[in-house]
Amino acid sequence: VSRFNDITMAPPDPILGVSEAFRADTHEMKLNLGVGAYRTEDLQPYVLSVVKKAETLMLDRGENKEYLPIEGLDAFNKATAELLFGADNAVIQQQRVATVQGLSGTGSLRLAAVLIERYFPGSKVLISSPTWGNHKNIFNDARVPWSEYRYYDPKTVGLDFDGMIADIKAAPEGSFVLLHGCAHNPTGIDPTSEQWETIADVIQEKNHIPFFDVAYQGFASGSLDEDASSVRLFAARGMELLIAQSYSKNLGLYAERIGAINIVCSSSDAAQRVKSQLKRIARPMYSNPPIHGARIVANVVGNPDLFNEWKEEMELMAGRIKSVRKKLYDSLSAKDNSGKDWSFILKQIGMFSFTGLNKAQSDNMTNKWHVYMTKDGRISLAGLSSAKCEYLADAIIDSYH
Ligand code: PLP
């Protein structure tokens, strides 16, 4: 008899489990709109040409595979902070940012979560309702208490701004407020710049600490600077803040696990101490991070030709998503004669569309139409081709009504 008999079967992951089910389906029209990963119009994974060029450079140089320092590759940490804030930003000039390379967005969030648990005992993290499913897991496993603030309003399929502000105001002073820097996942609904100002006002009033998750810089609007404007607005106010970054989507480096945690402090002295503690957290967890993705990012961001080419490729990816978004909207509007207003789809931004389909309707999408998606009604438009928009519209209309 096994010593592990008391261990029960864990449920499949709500996002990655969808891909497993998709692979097992043999229907020819099947569509995987679960995981947020960019696909070409032929629905194939895409390796950016700048990534291939950077890898060729790296190979030509014959670089070694020695361990990185605990905090990661210097050139990467410099490049990633500059990309986020802009190289001339005061927080960089004054060396007030503690940047540590992390295991992509998830691992970087986790480093920050451990820091919160260790140095802000009892403080809670406010997360949007809804949010990316893994946020709750990350804070649960790090034993950081969290609660939700209102974000999505099903009536308008838009932002519940008043609810959001009220909940941030009502939270205990000094809470961490987790914000999606751009392209909110799963809703695709972002605050306007005026609304960001009000959010910053309330956070400052309440002495809260903003904690940004930036997983889609450049992918939402097609512009790296525009997508970082929320973070820069907070930094410009002189606030202390945390920012987790990921290169999974914008450089297509999903499997390389490359990202960073940045903590903006009010002095360079504090930043150095914070960085030393982040390293202390990383050391027993994974010792030091992988080098390959860090080198790719450092090469692309640090080489003006590759950097410009990256921006072009990102615009291309963001553009393809915008075009299928439009085509899906057109197909839904043309086919649906119930009078439903589908314009919310056009207002959403980024990789995802929040369709408003409930769990039973999402099940119908999968069981009857072979469209794989998360049960919260989110679809990844990055996994949709224009050739399949009509089919998807039929599936959505059938499931809704
Ligand atoms: N944060 C959000 C909001 C995301 O949507 C994702 C990926 O889907 C991530 C973080 C982190 O992804 P990764 O760990 O692959 O960088």
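Residues numbered from 1 in each chain as written. Predicted model: local features only at pLDDT ≥ 70, side-chain atom pairs only at ≥ 80, totals over all residues.

Draft legend 1. View of the overall build of the protein. From N to C terminus, the protein includes 16 helices and 13 strands. Taken over the C-alpha trace, the protein has a radius of gyration of 21 Å; the compact-globule value for 401 residues is 21 Å, and the two agree within 12%. Oriented by its inertia axes, the alpha-carbon framework of the protein measures out at about 65 × 60 × 55 Å. Of the contacts made within the protein by residues no fewer than 6 positions apart, 76% connect residues no fewer than 24 positions apart. (Helix = DSSP H or I, 4+ residues; strand = E, 2+ residues; numbered from the N terminus. Rg over C-alpha atoms; globule rule 2.2 N^0.38 Å. Contact = placed C-beta atoms within 7 Å.)

Draft legend 2. Structural detail: unusual backbone geometry. Note that the residue after serine 129, namely proline 130, is joined by a cis bond; omega there is 5°. For proline 130, the position within the fold is in the loop between β3 (125–129) and α6 (134–141). Residues asparagine 185 and proline 186 are joined by a peptide bond in cis, for which omega reads 15°. Along the chain, the position of proline 186 falls in the loop between β7 (176–180) and α8 (193–205). One non-glycine residue, leucine 43, lies in positive phi territory at about 60°. Relative to the elements of secondary structure, leucine 43 occurs in the loop between β1 (31–32) and α2 (49–61). Its identity is not glycine, yet glutamine 95 carries a phi of approximately 55°, on the positive side. Positionally, glutamine 95 belongs in the loop between α4 (90–93) and β2 (97–103).

Draft legend 3. Representation of the packing of helix α7 (residues 161–170) against α8. Orientation of α7 relative to α8, taken along the N-to-C sense of each, is 15°, at an axis distance of 9 Å. It follows that α7 is roughly parallel to α8 by the angle criterion. Both α7 and α8 take part in a crossing whose hand is right-handed. Counting all contacts with α7, which are made through Phe161, Ile165, Ile168 and Lys169, the residues of α8 involved are Gln195, Thr198, Val202 and Ile203. When the residues that make up the contact of α7 with α8 are grouped by side-chain class, the tally is five nonpolar, two polar and one charged. (Axes fitted to C-alpha atoms, helices over the stretch in contact; angles between N-to-C directions. Parallel < 35°, antiparallel > 145°, perpendicular 65-115°, else oblique. Left-handed = near helix turned anticlockwise from the far one by under 90°. Nonpolar A, V, L, I, M, F, W, Y, C, P; charged D, E, K, R; others polar.)

Draft legend 4. Molecular detail of the pairing of strand β9 (residues 241–246). Among the six residues of β9, six are classified as buried, and the element is accordingly described as predominantly covered. Burial along β9 is two-sided: the face carrying Leu241, Ile243 and Gln245 and the face carrying Leu242, Ala244 and Ser246 are both buried. As defined by bridge partners, strand β8 (residues 209–214) adjoins β9 across four bridges and the pair is classed as parallel. Bridge pairing links phenylalanine 211 to leucine 242 in β9. Of the strand pairs in this sheet, β9 and strand β10 (residues 258–264) are connected by six bridges, and their pairing is antiparallel. Bridged to alanine 244 within β10 is isoleucine 261. (Buried ≥ 20, exposed ≤ 12 C-beta atoms within 10 Å, placed from the backbone. Pairing = 2+ DSSP bridges.)

Draft legend 5. Structural detail: the sheet that holds β10. Across the sheet, which stays open at both edges, the seven strands sit in the order β2-β10-β9-β8-β7-β3-β4 with mixed pairing between neighbours. Of all the strands in the sheet, the pair left with one neighbour each is β2 and β4 (146–150). Between one strand and the next, the sheet's axes are offset by a mean angle of 25°, whatever the strand orientation. Bridge analysis of β3 against β7 gives two bridges, and the strand direction is parallel. Bridging from a neighbouring strand, valine 125 pairs with phenylalanine 176 of β7.

Draft legend 6. How the structure looks around the site of the ligand. Taken together, 13 residues lie near the ligand, and Ser104, Gly105, Thr106, Ser246 and Ser248 sit nearest. Ranked by the residues each element gives to the shell around the ligand, the list is headed by helix α5 (residues 104–119), at three residues. For the shell around the ligand, the residue count by class is three nonpolar, nine polar and one charged. (Near = placed C-beta within 6 Å.)

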